[in-house]
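Here is what each chain is made of, one letter per residue.
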Amino acid sequence: MSDLINTVLGLYNYWIVIFLMMCGFYIVVAHDNLIKKLVGLNIFQASVFVLYITFGKVSGGTAPILGEAFHVYSNPLPHVLILTAIVVGVATTALGLALVVRINEAYGTIEDDEIHSQDDEP
Amino acid sequence: MIAAHLPALQVVVPLILAPACMLVRLRDAAWGVALAASWASLAIAWLLLQQVLASGPISYHLGNWAPPIGIEYRVDELSAFVLLIVSGIGAVVMPFARESVRAEFGTRRVYMFYTCYLLCLTGLLGIAITGDAFNLFVFLEISSLSSYVLIAMGRNRRALTASYQYLVMGTIGATFYVIGIGLLYAETGTLNMADLASRIAEQPGSRSIGVAFGFIVIGLSLKLALFPLHLWLPNAYTYAPSMVSAFLAATATKVALYALLRMVYTVFESDLTLGLVPMYAMFLGLALFAMFAASTVAIFQNNLKRMLAYSSVAQIGYMILGLSYINVTGLTATIVHMFNHAMIKGGMFLALGCCMYRLGSVHIRDLAGLGRTMPLTAAALVAGGLGLIGVPLTAGFISKWYLVLGAIERGWWPVAVLIMLSSLLAVAYVWRMVEAMYFTPPPETVPEGMDTRLSMLIPTWVLIGASLYFGVQTELTVGVARDAATALLGMPR
């Protein structure tokens, strides 16, 4: 029983990751609104950030500071990688939003189905 | 002295010159900078290939940090070959771009177009050269983000939605790849590909590694438009500016395929025998589906760019098919076809760019009588079409020959038959094109003058000519591809 509780509670970060990942993915797939899709994409990416940061964390570890008083460090590499991934995510969101603005100018709507129906007209 | 730094220069030259394009602002100057960068990249790629062929793989340590701590650039036959494809296409497409971009894009802020193009080139070259799994992700995103922008610059408003769709699917693909890399890092503590391979070999049957493999394969399959994950591709190639369609069709999917080959054969190689074999059955099935479904859809397209886009999905099927054999001949076919298809499709998209420039359309209705109004362009389309079918003396034949040979070697006779049957579908769509161009009278109102500008015709024919030349002279392509395939499978020469 205590094993089960440990698995469920002790790994709560991973449960959050999975929850966020599925939420984000669902929003991207299920919503027609282009902005909502981008929000979903962001949540999806954020879940991966949490995943990486969780890997790097060592219980009781500090930031990697060289000094007498510190012996246990968290692994900084995943954290650095995620800084890169965050930058990529920001760029993607910015570009996505810019495209949505242009789409709104061209079609007068940002709903996927309305755009499709406009395109299907000859 | 400088020769030792060629691997870094390969990526750094276009990367540094991209903002330079932005700074000069003048249309022709920006074009000149992009042209110089493309040709310099080609020269570097050629020198690298010669170095690799002469003295084996090159390992370059960025900033002198030794791998696996530092980022390693690793050039072996396969990556040198892919570098040559990408930079070669870039170098040929750039002279074409000047007129084509001016006509399709107007004159405002053209320098930004070239900046994006150079960033895209940087990303694609980076993917091919890096030996670090996370660095690959960064380059993947550099190339993807810039190609979303390039596609969105198409004149039709549907270019915007095509780009948006590609952005969503591409980002999901890249994120899947990052998840996979994260799991691998958690399991092995390294990101260097060679190091990953040896550490994965130490823990056979690990479930995390299996999951990582799944994420990486699906993520990259989205990027390379493996059927049925190809949905972004037809719209993106159809509505992008002509020069962008030609450049991306010839390079982007090939480079993603390269990344997949690298992951499957270099990183996970030792797991091939450990229960992941169904993966290859999956590749085989999807490849066959792609060959038939996409070719069939291509037959019914009236927009020729869209027809070629669907044909690309089918051709990617052939490349994946070679990968699924797990033997040297099959892999050779895959690698050779990456090269051959880049020449053929690049050339054909450029030819359509000529039509777009002169006629303002690539609808099959508007191409009636093209054989008389634009004889050289029409001939290029036919020669490329023959290559897609795989007629002897074209490059396409060489690829199909090795594919069939590999299937027979594996004892898969039905697959060999299916390859030939699917070529018949290609005959159907190429014939539709020929019929329109040669057996339909041209419309009354044809623009004056013969064919199109030389600056556009020459690049088109360079690529089409290359596809014919390498259909006869296979020493370079098949030779390098075979070496690369042998090295990938870890067999002695």
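If you're wondering where the values come from, they're calculated on a predicted model, not measured in any experiment.

Colleague: Kindly report on the overall build of chain A, identifying the contributing residues and their values.
Modeller: Within chain A, the secondary structure is distributed over five helices and zero strands. Secondary structure elements of chain A, listed N to C terminal, follow the sequence α-α-α-α-α. What you see for chain A is a C-alpha radius of gyration of 20 Å, clearly larger than the 14 Å of a compact globule of 122 residues, by over 25%. Each of the three principal axes of chain A carries a C-alpha extent, and together these read 70 × 40 × 15 Å. Sorting the 122 residues of chain A into buried and exposed places 33% on the buried side. A separation threshold of at least 6 residues defines the contact pool for chain A, and within that pool the share at least 24 residues apart is 44%. When the accessible area of chain A is evaluated, it comes to approximately 7,300 Å², of which 69% is carbon and sulfur surface. Both charge centroids of chain A, one from 4 positive and one from 11 negative side chains, sit 8 Å from each other.

Colleague: Could you give an account of the overall build of chain B, naming the residues involved and the relevant values?
Modeller: Across its full length, chain B carries 19 helices and two strands. Relative to its length of 493 residues, chain B is compact, with a C-alpha radius of gyration of 21 Å against a globular reference of 23 Å. Counting only C-alpha atoms and orienting by the principal axes, one finds that chain B spans roughly 70 × 55 × 40 Å. Looking at the 493 residues of chain B, the share that counts as buried comes to 64%. Long-range contacts, defined as pairs at least 24 residues apart, comprise 80% of the intrachain contacts of chain B with a sequence gap of at least 6. If you sum the accessible surface of chain B, you get close to 16,600 Å²; carbon and sulfur atoms cover 68% of it. Placing the 27 positive and 21 negative side-chain charges of chain B at their respective mean positions leaves the two points 11 Å apart.

Colleague: Before we move on, can you summarise the interface of chain A and chain B with the specific residues and values?
Modeller: Across the contact, 33 residues belong to chain A and 28 residues belong to chain B. Taking both partners together, chain A and chain B bury about 2,800 Å²; carbon and sulfur atoms supply 80% of that area. It is Tyr52, Leu95 and Leu99 of chain A that lose the most area in chain A upon contact with chain B, and together they represent 18% of the buried surface on that side. At the boundary of chain A with chain B, the tally comes to one salt bridge. Taking the shortest distance from any N to any O, the salt bridge between Asp119 of chain A and Arg158 of chain B comes out at 3.5 Å. If you look at where chain A meets chain B, you find six residue pairs in polar contact (both at pLDDT 80 or more). It is helix H4 (residues 76-107) of chain A that contributes the most residues to the side of chain A that touches chain B, 16 residues altogether.

Colleague: Any chance you could break down the packing of aromatic side chains for me, citing the residues and the numbers?
Modeller: Working definition: an aromatic ring pair is given by the centre-to-centre distance plus the angle between the planes. Scanning the model with the defined rule gives 21 aromatic pairs over all chains in all. Cluster of aromatic residues (ring-pair linked, three or more members): Tyr148, Tyr166, Trp232, Tyr237 and Phe349 of chain B. The side chain of Arg98 of chain B reaches across the aromatic face of Trp31 of chain B, ending 5.1 Å from its centre. The positively charged end of Arg157 of chain B is found above the aromatic ring belonging to Tyr107 of chain A, 4.1 Å away from the centroid.

Colleague: Provide a residue-level description of helix H3 (residues 34-56) of chain A, including the pertinent values.
Modeller: Between its first and last C-alpha atoms H3 of chain A spans 34 Å; for 23 residues at 1.5 Å apiece the expected length is 33 Å, and the two agree. Capping of H3 of chain A at its N-terminal end is provided by Asn33 of chain A; its side-chain oxygen lies 2.8 Å from the backbone amide nitrogen of Ile35 of chain A.

Colleague: Let's hear about empty space enclosed by the protein: which residues, and what values?
Modeller: Across all of its chains, the model carries four cavities of 30 Å³ or more by this definition. The space that makes up the largest cavity amounts to roughly 100 Å³. Ser143, Ser144, Tyr166, Lys223 and Ala252 of chain B are the residues nearest the centre of the largest cavity, which is lined by 13 residues in total. Elements with a minimum of two residues in the lining of the largest cavity: helix H4 (110-129), helix H5 (133-152) and helix H10 (242-267) of chain B. Residue composition of the lining of the largest cavity, by class: eight nonpolar, four polar and one charged. What lines the second largest cavity is simply Gln45, Val48, Phe49, Ala85, Val88 and Gly89 of chain A together with Phe137, Glu141, Thr175 and Val178 of chain B. Where the lining of the second largest cavity is concerned, the elements lending two or more residues are H3 and H4 of chain A together with H5 and helix H6 (158-188) of chain B. Per-class residue counts for the lining of the second largest cavity are six nonpolar, three polar and one charged.

Colleague: An account of the pattern of salt bridges is requested, with residue identities and associated values reported.
Modeller: Residue and element names in this part refer to chain B. Per the stated rule, a full pass over the model turns up eight salt bridges over all chains. Among the salt bridges present, the one from Arg74 reaches Glu72, with a minimum N-O distance of 3.6 Å. With relative accessibility at 34%, the residue Arg74 sits in the partly exposed group. It is possible to trace a salt-bridge network through shared partners that takes in Glu99, Arg102 and Arg453.

Colleague: Describe the nonpolar core, and please don't skip the residues or the numbers.
Modeller: When a protein is soluble and globular, its nonpolar side chains tend to lie buried together. All names here are of chain B. Residues Tyr114, Leu260, Met263 and Leu321 are the most contacted members of the largest nonpolar core, which totals 223 residues. At 19 residues, H10 tops the list of elements feeding residues into this core. Leaving out residues up to four positions away in the same chain, Leu260 has contacts with Val217, Leu220, Leu224, Phe283, Ile320 and Leu323.

Colleague: Run through the environment of Leu454 of chain B, naming residues and quoting values.
Modeller: Residue and element names in this part refer to chain B. Structurally, Leu454 is set in helix H18 (residues 454-472). A relative accessible area of 59% means that Leu454 is categorised as exposed. Spatially, the C-alpha atom of Leu454 lies 9.1 Å from that of Phe96, the residues being 358 residues apart in sequence.

Colleague: Describe in detail helix H16 (residues 395-410) of chain B, supporting the description with residues and values.
Modeller: Residues and elements named next belong to chain B. The end-to-end C-alpha distance of H16 is 23 Å, a good match for the 22 Å that 16 residues give at a rise of 1.5 Å each. Along H16, the positions that sit buried rather than exposed are Ala395, Gly396, Ile398, Ser399, Lys400, Tyr402, Leu403, Val404, Gly406 and Ala407. If you follow the buried residues of H16, they end up packed against helix H12 (304-324), helix H13 (328-359), helix H15 (375-389), helix H17 (413-438), H18 and helix H19 (475-488). Residue Gly411 follows H16 closely and has a positive phi angle near 85 degrees.

What counts, and where the lines are drawn
- Each chain has its residues counted from 1, running along the sequence as written.
- Chain A is the first chain written and ligand 1 is the first ligand written, with later ones labelled in order.
- Residues qualify for local features only when their pLDDT is at least 70, as the model is predicted, and side-chain atom pairs are given and counted only at 80 or more; totals for whole chains, interfaces and linings, by contrast, use all residues.
- By convention in this description, side-chain values take in all heavy atoms of the structure and omit both hydrogens and water.
- Every helix listed is a DSSP run of H or I at least four residues long, and every strand listed is a run of E at least two residues long, numbered separately from the N terminus.
- Computation of the radius of gyration draws on C-alpha atoms, with the globule rule given as 2.2 Å multiplied by the number of residues to the power 0.38.
- For the exposure calls, accessible area comes from a 1.4 Å probe over protein chains only, and a residue counts as buried if that area is under 20% of its type's maximum, exposed if over 50%, partly exposed in between.
- We call two residues contacting when some pair of their heavy atoms lies within 4.5 Å.
- We get accessible surface area from the Shrake-Rupley algorithm with a probe of 1.4 Å; when it comes to residues, only the shown protein chains can shield them.
- Counted as positive: Lys and Arg. Counted as negative: Asp and Glu. His and the chain ends are not counted at all.
- Note on charges: their place is set at NZ of Lys, CZ of Arg, CG of Asp or CD of Glu.
- By definition, the buried area sums, over both parts, the 1.4 Å-probe accessible area that each loses when the two are put together.
- What makes a salt bridge here is a side-chain nitrogen of Lys or Arg within 4 Å of a carboxyl oxygen of Asp or Glu, nothing more.
- Throughout this description, a polar contact denotes any pair of N or O atoms lying within 3.5 Å of each other; where both atoms belong to protein, one of them has to be capable of donating a hydrogen while the other can accept it, and for residues adjacent in sequence the pair is counted only when both atoms sit in side chains.
- Each Phe, Tyr or Trp ring (for Trp, its six-membered ring) is paired with any other whose centre lies within 6.5 Å, and the angle between the two planes then decides the class: stacked below 30 degrees, edge-to-face above 60, tilted in between.
- Any Lys NZ or Arg CZ that is within 6 Å of a ring centre and within 35 degrees of that ring's normal is treated as a charge sitting over the ring.
- How far a helix is expected to stretch is found by multiplying one less than its residue total by 1.5 Å.
- Cavities and pockets were defined on a 1 Å grid built over protein atoms only: a cavity is a set of grid points that admits a 1.4 Å probe from which the probe cannot escape, a pocket is an open set flanked by protein on both sides within 12 Å along at least five of seven lines, and lining residues are those with an atom within 4 Å of any such point.
- Grid points are joined across faces, edges and corners, and a volume is the space filled by probe spheres set on the points.
- When residues are grouped by polarity, Ala, Val, Leu, Ile, Met, Phe, Trp, Tyr, Cys and Pro land in nonpolar, Asp, Glu, Lys and Arg in charged, and all others, Gly among them, in polar.
- The set of buried Ala, Val, Leu, Ile, Met, Phe, Trp, Tyr and Cys residues whose side-chain atoms join them within 4.5 Å is what this entry labels a nonpolar core.

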